[in-house]
Amino acid sequence: MSLSKDANWWRQAAVYQIYPRSFKDSNGDGIGDLKGITSQVPYLKSLSLDAVWLSPFYPSALADGGYDVDDYRNVDPKLGTLEDFDEMLAALHEAGIRVFVDIVPNHSSNLHQWFIDALNSEPGSPERARYIFRDGKGKDGELPPSDWPSHFAPSAWTRITEKDGKPGQWYCHLFAPEQPDLNWDNPEVEADFIKTLRFWADRGVDGFRVDVAHAMKKDLSEPLRSQPTLGYENPRLDGKGVFFDRAELFDVYREWRKVFNEYDPPRVAVAEANVPIERMPLYASDKTLGQAFNFAFLDAKFDPSDYRDTVKKSLEIADKNHSSSTWVLSNHDKIRHATRYGLHPIVDEKKWLLADGKTHPLDREAGTRAALAATMFILALPGCTYMYQGEELGLHEVTDIPHDQIQDPAYAGNLYTEKGRDGCRVPLPWASTGSSYGFGSGGSHLPQPTWFAETNVEKQDGKEGSPLEIYRKALALRKKLQGEELLMWHETKNKEVLHFSRPGGWNCMINFRGYSHKFEAKEILHSSAPISDFTLPAGTTVWFKV
Ligand code: NOJ
Ligand code: CA
């Protein structure tokens with residue numbers, strides 16, 4: 001199959017996120033790899049995907065699951081080689097599936113050659129100027145240069161030991177200490193990322209997911225401004241914050257856009273920008289990255305007014321910048337949506353996870369059911385849907401990973417106040433038996449739960465009504481039904497039921513927690529759970545024609 005030259009292929013795409021280390025292991029070392037992905041191209045094809053997005057597979061010591069990159073233009077030897085990458089890309093393209101790779105521009109790893117060089121050089125040297133080094137405050141420079149916090153540590157500053165063995169300068173890291181922030185005021189940094197974009201685009205990569213796209217440009221003028229919290233709760237809207245969402249970012253992205261447009265079809269990008277929805281158009285404009293993740297559904301409750309408001313606002317915003325909206329229910333940073341929806345809405349999910357899921361009951365069945373309904377709802381919306389590996393099996397979060405096996409730096413870095421994100425990163429169950437439930441012939445780098453024996457690809461493949469088959473049918477149908485990016489709401493006279501339609505007569509109706517709801521239809525196309533007599537039970541979505 002050859003890929004079309006359609007420059008707009010991304011606008012309403014179905015994209016599947018692969019977390020490479022946990023997808024499929026081809027050589028039994030317990031770590032998923034690129035050959036593993038290639039071996040599962042038929043599986044990915046069976047999901048009628050338009051694209052996959054690969055989380056980082058670059059050389060990395062895994063201080064942050066690969067978001068600590070040692071070398072942006074290579075493959076981690078644990079995961080394969082550049083030849084394996086080319087082979088995987090060709091197989092995916094052959095199957096009609098495009099590929100996004102992850103670009104991590106805010107920080108490298110501490111094992112990147114540049115950082116090693118910086119440590120081996122003098123304060124004030126060009127090597128140090130690629131990162132954000134500063135002298136400390138206090139009598140002997142023993143205090144951090146500013147009050148900036150980190151996501152994975154109390155302070156964003158770590159002090160180094162200079163070559164003479166004495167305590168020396170400090171460097172900035174908005175994430176783990178192993179993730180030093182690059183200095184984006186340095187033209188060398190900007191040029192190197194252009195090189196990286198071209199490196200992957202020349203190999204045939206179709207798109208880029210841009211990690212923490214809101215953080216690279218910082219106000220580095222002296223004295224450094226005070227910013228004692230990350231400030232997500234109280235964001236600024238004027239583009240003049242200390243380290244997030246600054247106006248200068250868009251100069252960088254305008255340059256990137258020029259590079260994307262050198263290709264045919266133009267390469268595309270999606271920003272991971274944790275900014276207020278009003279600011280998203282700046283990232284998602286056709287002059288900058290083109291698209292931005294809309295994370296509203298990661299936080300929305302399974303609730304009709306939350307859903308309706310989220311959709312309305314998102315579509316309005318996307319419209320303003322000629323982008324299309326994106327929809328995301330799960331990713332590698334968030335408790336899986338089946339689990340979120342299986343908990344009572346008042347439960348604080350992060351605290352619950354920290355207590356290994358023991359403080360409140362999880363209704364697994366209700367959670368999976370609501371998750372499938374939610375997925376079918378967002379798949380019917382105009383725009384692009386990003387799905388996360390394993391959600392097509394209705395997978396729940398793994399809650400019982402022993403605390404001494406947690407890999408996520410958020411756990412220790414935040415002083416054990418959260419358990420972190422490993423519970424959604426456990427290697428996938430492909431089979432009911434075997435040392436790693438078909439993930440590979442060996443073990444698994446994170447412990448898998450025994451309930452994988454019941455919930456896996458082998459059990460669900462070809463079984464009518466299984467989550468996998470519900471996804472497959474929904475995604476195949478969506479491809480056929482997808483038309484103009486328009487949506488019309490319909491009154492249901494039932495506050496628990498939402499109903500909208502798309503051009504061509506594609507109707508979608510969801511019943512959240514209400515009594516069974518009668519509806520009229522000529523033809524039922526698909527539903528997230530069995531329905532009869534044109535009656536929609538709670539926790540169910542139906543697609544139909546009238
Ligand atoms: C966002 C990524 O999704 C997350 O996994 C990572 O920890 C941070 N960025 C830092 O790179
Ligand atoms: Ca492997």
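Residues numbered from 1 in each chain as written. Chains lettered and ligands numbered in written order. Predicted model: local features only at pLDDT ≥ 70, side-chain atom pairs only at ≥ 80, totals over all residues. Heavy atoms only, no water.

1. As for the sheet that holds strand 12 (residues 488-490)
Taken in spatial order, the five strands make up an open sheet running 12-13-14-18-16, and their pairing is antiparallel. Each having just a single partner strand, strand 12 and strand 16 (523-527) make up the two edges of the open sheet. Ignoring which end each strand starts from, the neighbouring axes of this sheet average 25 degrees apart. Bridge count between strand 12 and strand 13 (residues 497-502): three bridges; the pairing is antiparallel. By the bridge assignment for strand 13, histidine 490 is matched with histidine 499. Across the sheet, helix 12 (residues 364-379) lies against strand 12, strand 13, strand 14 (506-511), strand 16 and strand 18 (540-545), angled at about 35 degrees from strand 18, the strand it touches most. Of the strands in this sheet, strand 14, strand 16 and strand 18 touch helix 15 (residues 467-481), which is tilted by about 130 degrees from strand 16. (Pairing = 2+ DSSP bridges. Helix = DSSP H or I, 4+ residues; strand = E, 2+ residues; numbered from the N terminus. Axes fitted to C-alpha atoms, helices over the stretch in contact; angles between N-to-C directions. Contact = heavy atoms within 4.5 Å.)

2. Comments concerning unusual backbone geometry
What is expected of a backbone is that most residues other than glycine have negative phi and most peptide bonds are trans. For the bond running from glutamate 222 to proline 223, omega is -5 degrees, close enough to zero to count as cis. Position of proline 223 among the secondary structure elements: in the loop between strand 7 (207-210) and helix 6 (249-260). The phi angle at serine 48 is positive, at roughly 50 degrees, despite the residue not being glycine. With respect to the helices and strands, serine 48 occurs in the loop between helix 2 (41-45) and strand 2 (51-54). Judged by relative accessible area, serine 48 falls into the buried class, the value being 18%. (Buried < 20%, exposed > 50% of the residue type's maximum accessible area, 1.4 Å probe, protein only.)

3. Notes on the coordination of the calcium ion (ligand 2)
All of the protein donors around the calcium ion (ligand 2) are Asp25 (OD), Asn27 (OD1), Asp29 (OD), Ile31 (O) and Asp33 (OD); their distances to the metal are 2.2 to 2.4 Å. All donors of the calcium ion (ligand 2) belong to a single chain; written as a sequence motif, their spacing is D-x1-N-x1-D-x1-I-x1-D. (Donors = N, O, S within 2.8 Å, 3.2 Å for Na, K, Ca; no water.)

4. Points about the nonpolar core
Ranked by internal contacts, the top residues of the largest apolar core, which has 134 residues, are Leu44, Tyr253, Trp256, Tyr307, Phe377 and Trp543. Counting residues per element, this core draws most heavily on helix 12, which supplies eight residues. (Core = buried A, V, L, I, M, F, W, Y, C linked by side-chain atoms within 4.5 Å.)

5. Some thoughts on the site of ligand 1
Close to ligand 1 lie Asp64, Tyr67, His107, Phe152, Phe175, Arg209, Asp211, Glu272, His332, Asp333, Arg421 and Arg425, which account for all nearby residues. Between ligand 1 and arginine 209, the relevant distance is 2.9 Å, taken from an oxygen atom to a side-chain nitrogen or oxygen of the residue. Between ligand 1 and arginine 421 there is a distance of 3.0 Å, counted from an oxygen atom to a side-chain nitrogen or oxygen. Here ligand 1, which alone exposes 290 Å², has 97% of that area covered by the protein. (Near = heavy atom within 4 Å. Polar contact = N/O pair within 3.5 Å; in protein donor to acceptor, adjacent residues only side chain to side chain. Areas by Shrake-Rupley, 256 points an atom, 1.4 Å probe, with all protein chains shown as cover.)

6. A short note on helix 3 (residues 82-94)
A rise of 1.5 Å per residue sets the reference length of helix 3, with its 13 residues, at 18 Å; its end C-alpha atoms lie 18 Å apart and thus fit the reference within 8%. Summarising the contacts, the buried residues of helix 3 are in contact with helix 1 (34-39), helix 2, strand 2, strand 3 (98-103) and helix 5 (187-203). Directly beyond the C-terminal end of helix 3, a positive phi value near 80 degrees is found at glycine 96. (Expected span 1.5 Å × (residues − 1).)

7. Let's talk about the domain arrangement of the protein
Parsing the protein into structural domains produces domain 1 (14-106 + 188-467), domain 2 (113-172) and domain 3 (484-545). Contact with domain 1, which involves 18 residues of that partner, is made by 24 residues of domain 3. Summed over both sides, the interface of domain 1 with domain 3 buries roughly 2,000 Å², with 73% coming from carbon and sulfur. Our enumeration of links across domain 1 and domain 3 arrives at zero salt bridges. (Domains from an automatic or database assignment. Buried area = accessible area lost by both parts, 1.4 Å probe. Salt bridge = Lys/Arg side-chain N within 4 Å of Asp/Glu carboxyl O.)

8. Here's the deal with the environment of valine 69
If you trace the backbone, valine 69 turns up in the loop between strand 2 and helix 3. For valine 69, a relative accessible area of 0% puts it in the buried group. When the C-alpha positions of valine 69 and proline 427 are compared, they lie 21 Å apart, and in sequence the two are 358 residues distant. Beyond its immediate chain neighbours, meaning those up to four positions away, valine 69 contacts Tyr58, Pro59, Val104, Ser108, Ser109 and His112.

9. Concerning helix 9 (residues 304-320)
Residues spaced three or four apart along an α-helix point in a common direction, a consequence of the helix completing one turn every 3.6 residues. Taking 1.5 Å per residue, 17 residues should reach 24 Å; helix 9 reaches 25 Å between its end C-alpha atoms and fits that length. Residues of helix 9 that are buried: Pro304, Tyr307, Thr310, Val311, Ser314, Ile317 and Ala318. Residues of helix 9 that are buried make contact with helix 7 (280-284), helix 8 (296-299), strand 10 (326-328), helix 12, strand 12 and strand 13. Histidine 322 sits one or two residues past helix 9 and shows a positive phi near 60 degrees.

10. Some thoughts on the packing of helix 5 against helix 6
Angle between the axes and distance between the axes: these two values describe a pair of packed helices. Put simply, helix 5 and helix 6 touch, their axes get as near as 10 Å, and they point 30 degrees apart. Considering the angle they form, helix 5 stands roughly parallel to helix 6. Seen from above, helix 5 lies across helix 6 with right-handed handedness. Packed against helix 5, whose contacting residues are Glu190, Phe193, Ile194, Leu197 and Arg198, the element helix 6 presents Val252, Glu255, Trp256, Val259 and Phe260 at the interface. Among the residues making up the contact of helix 5 with helix 6, the classes are represented as seven nonpolar, no polar and three charged. (Parallel < 35°, antiparallel > 145°, perpendicular 65-115°, else oblique. Left-handed = near helix turned anticlockwise from the far one by under 90°. Nonpolar A, V, L, I, M, F, W, Y, C, P; charged D, E, K, R; others polar.)

11. Describing the packing of helix 12 against helix 15
Running from amino to carboxyl end, helix 12 crosses helix 15 at an angle of 10 degrees, the nearest separation of the two axes being 11 Å. Judged by the inter-axis angle, helix 12 sits roughly parallel to helix 15. Between helix 12 and helix 15, the contacting residues are Thr368, Leu372, Thr375, Met376 and Leu379 on the first element and Pro467, Ile470, Tyr471, Ala474, Leu475 and Arg478 on the second. Partitioning the contact of helix 12 with helix 15 into residue classes produces eight nonpolar, two polar and one charged.

12. Description of the pairing of strand 3
The buried fraction of strand 3 is high, at six of six residues. A two-sided burial pattern is seen for strand 3, the buried positions comprising Arg98, Phe100 and Asp102 on one face and Val99, Val101 and Ile103 on the other. Bridge count between strand 2 and strand 3: four bridges; the pairing is parallel. Paired with leucine 54 across the strands is valine 101, a residue of strand 3. Note on the crossover from strand 2 through helix 3 to strand 3: the handedness is right-handed. (Right-handed = clockwise from strand over helix to strand, strands pointing away.)

13. Let's talk about the packing of aromatic side chains
A full pass over the atoms with the stated rule returns 47 aromatic pairs. Note on phenylalanine 115 and phenylalanine 133: the rings are 6.0 Å apart at their centroids and 20 degrees apart in plane angle, and the pair reads as stacked. Taken together, the residues phenylalanine 115 in helix 4 (residues 113-119) and phenylalanine 133 in strand 4 (residues 133-134) connect sequence positions 18 residues apart. As far as the burial class goes, phenylalanine 115 and phenylalanine 133 line up, both buried. Taking 4.8 Å as the distance between ring centres and 80 degrees as the angle between the ring planes, the aromatic pair formed by tyrosine 411 and tyrosine 416 counts as edge-to-face. Residue tyrosine 416 is classed as partly exposed on the basis of its relative accessible area, which comes to 49%. Taken together, Phe297, Phe302, Tyr307, Trp327, Tyr341, Phe377, Trp489, Phe500 and Phe512 form an aromatic cluster joined through their ring pairs. A cation over an aromatic ring shows up here: arginine 340 above the ring of tyrosine 341, its NZ or CZ 5.8 Å from the ring centre. (Phe/Tyr/Trp six-rings, centres within 6.5 Å; stacked < 30°, edge-to-face > 60°. Lys NZ or Arg CZ within 6 Å of the ring centre and 35° of its normal.)

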